[in-house]
Amino acid sequence: MEDLGGLVVKFAVVVNEGPYTHQASDTAYQFTKSALDKGHEIFRVFFYHDGVNNATRLTVPPQDERNVQKNWSELAEKHSLDMVVCIAAAQRRGILDADEAKRHGKGDGSANIAPGFRISGLGQLIEAGIQADRLVVFGD
Amino acid sequence: MEDLGGLVVKFAVVVNEGPYTHQASDTAYQFTKSALDKGHEIFRVFFYHDGVNNATRLTVPPQDERNVQKNWSELAEKHSLDMVVCIAAAQRRGILDADEAKRHGKGDGSANIAPGFRISGLGQLIEAGIQADRLVVFGD
Amino acid sequence: MSTLHTVNKSPFERGSLASALAHALPGDAVLLIEDAVVGVRAGETAAAQALKAAMPGCAIHVLGPDLAARGIAADGVVDGVTIVDYGGFVDLAAAHDKVQAWL
Amino acid sequence: MSTLHTVNKSPFERGSLASALAHALPGDAVLLIEDAVVGVRAGETAAAQALKAAMPGCAIHVLGPDLAARGIAADGVVDGVTIVDYGGFVDLAAAHDKVQAWL
Amino acid sequence: MSDSKRFLYVNRKAPHGTVYALESLEVVLIGAAFEQDVSLAFLDDGVFQLVKRQVTTGIGVKNFAPTYRALGDYDVKKLFVERESLEERGLTEDDLMEVTHENDDEEDVSSIEIVDRARMAEIMAAQDVVLSF
Amino acid sequence: MSDSKRFLYVNRKAPHGTVYALESLEVVLIGAAFEQDVSLAFLDDGVFQLVKRQVTTGIGVKNFAPTYRALGDYDVKKLFVERESLEERGLTEDDLMEVTHENDDEEDVSSIEIVDRARMAEIMAAQDVVLSF
């Protein structure tokens, strides 16, 4: 970790595209990881639009490719990251936690959200903009 | 249904983008529906890239919006459409049928494929190109 | 062998319409759908000029439902451009030997 | 108040780099990432000329890992463009008052 | 740090072909409850979002254009539209829908201000948070 | 109808920023087993797919560029690259990787042919099926 001379910046990161199709999620991951390595703070990572698709636990990428969801989940675990999936965007695209799966009658075991992600409202994005020193958007 | 004077065309349709984010899936649906209404044949609808995300049964779009997955499933039911989801693209993005869910240890009830869709290989796309009179691609 | 070329991106932001027009041959047709329809609004725009320059050799069509969604009136399109509905899209695809999408 | 502008699309296909450069103020910086890096290859391209024209007032940076992925050598970029890694991206974001993405 | 910040929502994409315009509007509506200083910028193809008489029944998708007209009720009063973007696309102010809000004298006044590119750059520079979609 | 058709894969997008180049290549490899007449077209930003010395370790994604060089083993022998697209991007044939196949005399010959825009249009016109990504 670098010596920041006390200059710790509080970042918020927004991810607007899903895994694999666009590089946005990969770049956001590398940025977030680097910021943490440098001793900065990540207030929140917010997943919006197709970005919610990063949160599915059902991906099975080829052995020789990176696992985008796992990258995020492991980073969250290591650094206690707050990773929020927008509920409205998630409903349009089929990302559900256990509560949502039950509420919409999708059947036992249907919840497909991966570890480290939580579903919440768009207010969490605005709050991130208010609380963080810098908000950085990655998308298409 | 219009009188085609015997001129029935066999179409194959390819959908490369997921629901809501891009209009591609909507346009492909309207095209497919119109072709069927005109008495043409749809050899196959093939979902590739993010297009596989059209096949999730877990979407819960707002009441006042169209349900893209349901539109496709109902069209398939009505016209016995063959709707194929590419297995390689689906694995990257987390679309699984019961067999795939089991094979990858994703837990009971994890299968998220919607009615009318089936998962198969890219060979089905090539075959569609060979067998159909016209192949029409919708994407970003 | 004639081709129906489909273009679905705004010509003000992307190069796909220009590229499609540069590769269309006499007897081909171009159909503008989705966001590409913003290019057919009559006026002194770069897109309108490109379409006018292409039309002697190549028929230009636009998808009416997409026009309406972008607030473009049927009488507000570049002269010579034909408006079709989804059925017309199907007819164009059937009438040409193949369809090439400029994504 | 200075801004870091990020651009992630090829300037040969999209208008986002041109738009970012047209709105950057003196003291701002522009960082090219992802597919946008193809624009910094030295040569007589429209993109290279746009970058050169912008540089007196605006610092231009490019993400090295993205350059390497597109086969562009470090000594093959437009003169004056600075190559940074992900840590350098973070430093740039920290050094400016805000970050504006041109998606 | 004060809890009140200047938020700018940047709209550069055409509506309907992608969902960005609709989902951006959803953020603006939610964000309005947070009582920040809110502005919307429409430039490049984003100016098409404000074109009047959008009828989406034919493409089978929801028409969210009327929501722009409701922004005044949410206390969102500053919509900046770039003149050069309009001109390049053959549009004038007359092609845009009316978006109004009530001023202090309870009169309906336009929320839309056409600005040139230089002014748009200044508006962007003056923000604390820029949300691009 | 004959079961043998002319297939053209059209590549117009830069690699790595999106997955289209990689997933297109997967179709080409699978399609090779069907013994059709196969051609690949690289134009607009698609020409960047063939640039040599792509090193993707830094961005953490798989480098599929070597797969292009294996196309000859799959009997995919016709890669057409548009000259104007190269020139507009400041590229020459020397910037492209070597892609070869064995000819009837068991000599390695280049699979890449640089063609001008007019010739590219003719190549496109001569196909039965065009797959665009």
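Predicted model only: the values in this text are computed from it and were never measured.

Right, let's talk about the overall build of chain A for a bit. Across its full length, chain A carries 5 helices and 5 strands. Taken from the N to the C terminus, the helices and strands of chain A come in the order β-α-β-α-β-α-α-β-α-β. A compact globule built from 140 residues would reach a C-alpha radius of gyration of about 14 Å, and chain A, at 15 Å, matches this within 12%. Along the first, second and third principal axes, the C-alpha set of chain A runs to 55 × 40 × 25 Å. Burial statistics for chain A: of 140 residues in total, 70% are counted as buried. Pairs at least 24 residues apart make up 79% of the contacts formed inside chain A by residues separated by at least 6 positions. Within chain A, the 19 negative side-chain charges are centred at a point lying 4 Å from the centre of the 15 positive side-chain charges.

Further remarks concern the pattern of salt bridges. For the structure shown, the criterion picks out 52 salt bridges over all chains. Among the ionic pairs, E:Asp95 bridges to C:Arg41, the shortest N-O distance being 3.9 Å. Of this pair, E:Asp95 sits in the loop between helix H3 (83–88) and strand S4 (100–102) while C:Arg41 sits in the loop between strand S2 (29–32) and helix H2 (46–54), on two different chains. The partner of F:Arg12 in a salt bridge is F:Asp44, and the shortest N-O contact between them spans 2.8 Å. Here F:Arg12, found in the loop between strand S1 (6–11) and helix H1 (20–31), pairs with F:Asp44, found in the loop between strand S2 (37–42) and helix H2 (65–69); they are 32 residues apart in sequence, far enough to count as distant.

On to the arrangement of the chains, then. A comparison of contact numbers over the 12 pairs of chains in contact places chains A and B at the top. With respect to C-alpha atoms, chain B approaches chain D no nearer than 13 Å, and the pair has no contact. There is a clear gap between chain E and chain F: no contact, and 17 Å between their nearest C-alpha atoms.

Next up on the list: the interface of chain C and chain F. With 13 residues of chain C at the contact, the number on the chain F side is 17 residues. In this assembly, chain C packs against chain F so that about 1,300 Å² is buried in total across both faces, 58% of it on carbon and sulfur atoms. Looking at the side of chain C facing chain F, the largest losses of area belong to C:His23, C:Lys98 and C:Leu103, adding up to 42% of the total buried there. Between the two partners, chain C and chain F, sit 7 residue pairs in polar contact (both at pLDDT 80 or more).

About the criteria used
Residues numbered from 1 in each chain as written. Chains lettered and ligands numbered in written order. Predicted model: local features only at pLDDT ≥ 70, side-chain atom pairs only at ≥ 80, totals over all residues. Heavy atoms only, no water. Helix = DSSP H or I, 4+ residues; strand = E, 2+ residues; numbered from the N terminus. Rg over C-alpha atoms; globule rule 2.2 N^0.38 Å. Buried < 20%, exposed > 50% of the residue type's maximum accessible area, 1.4 Å probe, protein only. Contact = heavy atoms within 4.5 Å. Lys, Arg positive; Asp, Glu negative; His and termini not counted. Charge placed at Lys NZ, Arg CZ, Asp CG, Glu CD. Salt bridge = Lys/Arg side-chain N within 4 Å of Asp/Glu carboxyl O. Buried area = accessible area lost by both parts, 1.4 Å probe. Polar contact = N/O pair within 3.5 Å; in protein donor to acceptor, adjacent residues only side chain to side chain.

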